[in-house]
Amino acid sequence: MRSRGSAAIRNAAFFERDVDEVAWALIGATLIFRGTGGVIVETESYDASDPASHSYEFRMTARNRPMFGPAGHAYVYRSYGIHWCLNFVCQPGSAVLIRALEPRTGLRPMRERRGTDAVAKLCSGPGNLCQALGIAAAENGLSLLKPPFRLVQAEAPARVVRGTRIGISKGAHALRRYGLADSAFLSRPF
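The structure contained in this document is the topic of the report that follows. Predicted, not measured: the structure shown is a model, and the values here were computed from it.

Tallying each qualifying case throughout the model produces six aromatic pairs. With a centroid separation of 5.9 Å and 65° between ring planes, the pair formed by Trp-24 and Tyr-178 is classed as edge-to-face. Highlighted residues: Trp-24 in helix α1 (residues 19-25) and Tyr-178 in strand β8 (residues 177-180), separated in sequence by 154 residues. The exposure class of Tyr-178 is buried, given its relative accessible area of 2%. Here Tyr-75 and Tyr-77 contribute two aromatic rings whose centre-to-centre distance is 5.2 Å and whose plane-to-plane angle is 35°, an arrangement assigned as tilted. When sorted by exposure, Tyr-75 lands in the same class as Tyr-77, which is buried. In textbook terms, an aromatic cluster arises when at least three aromatic residues are bridged by ring pairs, as seen for Phe-14, Phe-15 and Phe-88. One Lys or Arg, Arg-17, reaches over the ring of Phe-14 and ends 4.7 Å from the middle of that ring.

Now the structure itself:
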């Protein structure tokens, strides 16, 4: 899966910086989980100063504990008791929600898990993405720097667009949603 000019992300230092920088830098990177995945085309950032964040005001709970753990680990939680959501932990109390991928690897199992042949719908939205990749509670707290995860940096800087986040009421005005310009695989257009 390694392309010329791209490098696997194998060091927590990639994540040990401002969450907005990481959210931006992940656009165009490749995420593979147990043989399924693709190019990250949409992210959202959250930190402890953000009223929409699970870690708001640095309040740690059993649910958000991974957000206060080491950078470069997964924070997986269930949204509205229905959908799993994958986040990448950055500095303490901050994480990047992975909102959408352009599916490229393991399309067959993704189609089976999602029950659709529409490639654009396989990984658009955080719940669909986790269902397609088979990510659930068991992955909460796992390192993103080793199997079953594989992250590869983009070969070249991506054209990133920025806008308000989706599906939140607190902090809804914040420009903390990032996407790959002109991607057909976003959860919603910018």
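With that settled, the discussion passes to the environment of Ser-94. Locating Ser-94 in the fold gives a position in the loop between β4 (83-89) and β5 (95-105). Not counting the four nearest positions on each side in its chain, Ser-94 is found in contact with Val-19, Tyr-46, Asp-47, Met-67, Phe-88 and Val-89. Reaching out from Ser-94, the side chain makes a polar contact with the backbone oxygen of Gln-91 at a distance of 2.7 Å.

What counts and what doesn't
Residues numbered from 1 in each chain as written. Predicted model: local features only at pLDDT ≥ 70, side-chain atom pairs only at ≥ 80, totals over all residues. Heavy atoms only, no water. Phe/Tyr/Trp six-rings, centres within 6.5 Å; stacked < 30°, edge-to-face > 60°. Helix = DSSP H or I, 4+ residues; strand = E, 2+ residues; numbered from the N terminus. Buried < 20%, exposed > 50% of the residue type's maximum accessible area, 1.4 Å probe, protein only. Lys NZ or Arg CZ within 6 Å of the ring centre and 35° of its normal. Contact = heavy atoms within 4.5 Å. Polar contact = N/O pair within 3.5 Å; in protein donor to acceptor, adjacent residues only side chain to side chain.

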